[in-house]
Amino acid sequence: MERAERVDTFGELRLLPLAARLYKNKYLRALRHSFFMIMPFWVAVAVFDIMCSFFFDPHGPVIGEQGLNLGFWLTGGLTGDSYRQNAVIETLSFFKIATGYGYGAVSLMLTMSLANKLSGIFKTNRTLTLFCACGSFIFMMPVWSRSSEFSEYFIGRNFFSATMAAFLSTWLLAFFSKQKILKPKLPRYLNPALRNFVAEVIPVMLTMLVYTGVSFSLSVVYLHFVDFLRQEAGSPVFQEPVFVLLYQAVVWFLWWVGLPGYEFTSVVGEFIYLPAQAANQTGIVENIFTDTFFRVGLVQVMALSIAILVFSRHESWRGAAKLGLPLMFFNVFEPFVFGLPVVLNPIFLIPCLLAPLANTLVGYIAVSWEIVPVFIEGTSPVMPIMLNSVMSSHSVMGGVLQAVWLVMDIFIYAPFVITANMADLSDEEKEHGDISDIDESEGGDKF
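## Side note on the overall build of the protein
Piece 1. Scanning the protein from N- to C-terminus turns up 21 helices and zero strands.
Piece 2. Sorting the 447 residues of the protein into buried and exposed places 49% on the buried side.
Piece 3. Intrachain contacts of the protein at a sequence separation of at least 6 include 74% that bridge at least 24 residues.
Piece 4. About 21,400 Å² of surface is accessible on the protein, with carbon and sulfur atoms providing 67% of the total.

## With respect to unusual backbone geometry
Piece 1. Its identity as a non-glycine residue notwithstanding, K123 has a phi of 60°, on the positive side.
Piece 2. By the secondary structure assignment, K123 is in the loop between α5 (87-122) and α6 (126-145).
Piece 3. Overall, K123 belongs to the exposed group, its relative accessible area being 58%.
Piece 4. Of note in the backbone geometry, H394 takes a positive phi value of approximately 60° without being a glycine.
Piece 5. Tracing the chain through its elements places H394 in the loop between α19 (387-393) and α20 (396-420).

## A short note on the nonpolar core
Piece 1. Ranked by internal contacts, the top residues of the largest apolar core, which has 59 residues, are W252, Y273 and F348.
Piece 2. Tallying contributions element by element places α20 first for this core, with nine residues.
Piece 3. Core analysis: the second largest hydrophobic core is formed by 35 residues, M39, Y103, L110 and I121 among them.

## A look at the side chain of S393
Piece 1. Positionally, S393 belongs in helix α19.
Piece 2. From its side chain, S393 meets the backbone oxygen of S389 in a polar contact 2.7 Å long.
Piece 3. Within the local environment of S393, its side chain forms a polar contact with the backbone oxygen of S395, the two atoms lying 3.1 Å apart.

## Remarks on a nonpolar patch on the surface
Piece 1. On the surface, a cluster of nonpolar side chains totalling about 550 Å² of accessible area is made up of L68, L70, W73, L74 and V88.
Piece 2. Ranked by the residues each element gives to the nonpolar patch, the list is headed by helix α3 (residues 70-74), at three residues.
Piece 3. Relative to the elements of secondary structure, L68 occurs in the loop between α2 (26-56) and α3.

## Brief notes about the pattern of salt bridges
Piece 1. Using the criterion set out here, one finds one salt bridge in the structure.
Piece 2. For D291, the salt bridge identified is with R295, shortest N-O distance 2.8 Å. Of this pair, D291 and R295 both sit in helix α14 (residues 291-295), four residues apart, which is roughly one turn of that helix.
Piece 3. The class for R295 is partly exposed, based on a relative accessible area of 24%.

## Description of the packing of helix α11 (residues 241-256) against helix α13 (residues 266-282)
Piece 1. At a closest axis distance of 13 Å, the pairing of α11 and α13 adopts a crossing angle of 155°. Accordingly, the angle class assigned to the pair α11 and α13 is roughly antiparallel. At the point where α11 passes α13, the crossing takes the left-handed sense. Residues F243, V244 and Y247 of α11 form the contact with α13, whose own contacting residues are V268, G269 and Y273.
Piece 2. Split into classes, the residues belonging to the contact of α11 with α13 amount to five nonpolar, one polar and no charged.

## Concerning the state of the cysteines
Piece 1. Enumeration over the complete set of coordinates arrives at zero disulfides.
Piece 2. With no disulfide of its own, C132 lies 9.7 Å from the sulfur of C134, the closest cysteine sulfur.
Piece 3. Taking relative accessible area as the criterion, C132 reaches 3% and is therefore assigned buried.
Piece 4. By relative accessible area, C134 is classed as buried at 15%.

## Some details on the packing of aromatic side chains
Piece 1. Within the structure shown, the criterion is met by 18 aromatic pairs.
Piece 2. An angle of 40° between the planes, with centres 5.9 Å apart, marks the rings of Y27 and F122 as tilted. Highlighted residues: Y27 in helix α2 and F122 in helix α5, separated in sequence by 95 residues.
Piece 3. On the accessibility criterion, Y27 (31% relative accessible area) is partly exposed.
Piece 4. Between F293 and F375, the ring centres sit 6.0 Å apart and the planes meet at 75°, which makes this aromatic pair edge-to-face. Separated by 82 residues along the polypeptide, F293 in helix α14 and F375 in the loop between α18 (349-368) and α19 bring together distant segments of the chain.

Rules behind the numbers
- Residues numbered from 1 in each chain as written.
- Predicted model: local features only at pLDDT ≥ 70, side-chain atom pairs only at ≥ 80, totals over all residues.
- Heavy atoms only, no water.
- Helix = DSSP H or I, 4+ residues; strand = E, 2+ residues; numbered from the N terminus.
- Buried < 20%, exposed > 50% of the residue type's maximum accessible area, 1.4 Å probe, protein only.
- Contact = heavy atoms within 4.5 Å.
- Areas by Shrake-Rupley, 256 points an atom, 1.4 Å probe, with all protein chains shown as cover.
- Core = buried A, V, L, I, M, F, W, Y, C linked by side-chain atoms within 4.5 Å.
- Polar contact = N/O pair within 3.5 Å; in protein donor to acceptor, adjacent residues only side chain to side chain.
- Patch = residues over 30% accessible without salt bridge, like charges linked within 9 Å, V, L, I, M, F, W, Y side chains within 5 Å.
- Salt bridge = Lys/Arg side-chain N within 4 Å of Asp/Glu carboxyl O.
- Axes fitted to C-alpha atoms, helices over the stretch in contact; angles between N-to-C directions.
- Parallel < 35°, antiparallel > 145°, perpendicular 65-115°, else oblique.
- Left-handed = near helix turned anticlockwise from the far one by under 90°.
- Nonpolar A, V, L, I, M, F, W, Y, C, P; charged D, E, K, R; others polar.
- Disulfide = S-S within 2.5 Å.
- Phe/Tyr/Trp six-rings, centres within 6.5 Å; stacked < 30°, edge-to-face > 60°.

Have a look at this one:
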């Protein structure tokens, strides 16, 4: 009883007041509301992705030879290169590419939505702010993707690039616009609207130049890191539980602060854990930690939603859990993470890190003791849970492992959800109902 009282006191005195302050931070609210605004488009693309990956993927569970193998009948019994070059299969493959463009468009929407909110906070010209943010996002994408073809880099969820472009370009524009020395005196006979925009030429130019320099510097660091991973890809240290636990902690801490963890650290998966999975397919070695191992371990967010439905008394949280649960069945959990929000919520920091670490340890024990086979096959990111683990491991025990993870994570999150019941979130629930409380008229189109 005394321990329960100490936990409640800690929640009341430390976590809950900190959560209230973070909820009211205008920059975090701008980011949160920006995700709310793009949510309809995000969910629409995610649903389309689910349909394409499950029903129309030429190598998926319905058409692919690993599933119902309907593609064999659609192509008249073709296999190999003839199968891939068939007109029907090429048409079906196009839908997956279109889904990637859809996620790219959502990333650009995030840039525009966040820049629009930030223009009110920084009191910059809204039109110029949107142009600078979008220009910054698109202009530097080839550097990050190492491609000069628009069709090659404007694809996927580039949420980190979108957030950085909006925040940094808006702050730079606000800073340079306030420097009177950067605004030349213009003849009064010029059209007032033209004079106002011409006066911003130097601030806009400096904004783009400085942003390009910062982004290019980060890309250089990124490319050096890629080269390092290429050289060390075969090192056994990446299969050590200590390293993997550290990797998981970084990934989910990034999620907690509002950045897509696995996408932000995708270079590690691409050069370390995808090759480890490919090595499993050869049968020569058996790597426990692979790209699919981490992918099928994403059940912890579904566990949080179930814990909220069972233990939470906050209607806004329960509503977000009900809306997000069907999508989470297909591993689309981002709308729930931002809609709850989990992001920068100190109440959920500990379980947000503890659950994936516990999953990693339990999974390591289960695979190393040969209770569950190593994960061999890669599956679509939106493949339904249980089915993805069974297909990846070629064993029903993969689904059993996911079920164990899910139950375990529910119990990890439950005490923190119960603690959150002490919080008064009436203001937060009102804020979720009306995103206009960030004054968008502050920036306007005035100077």
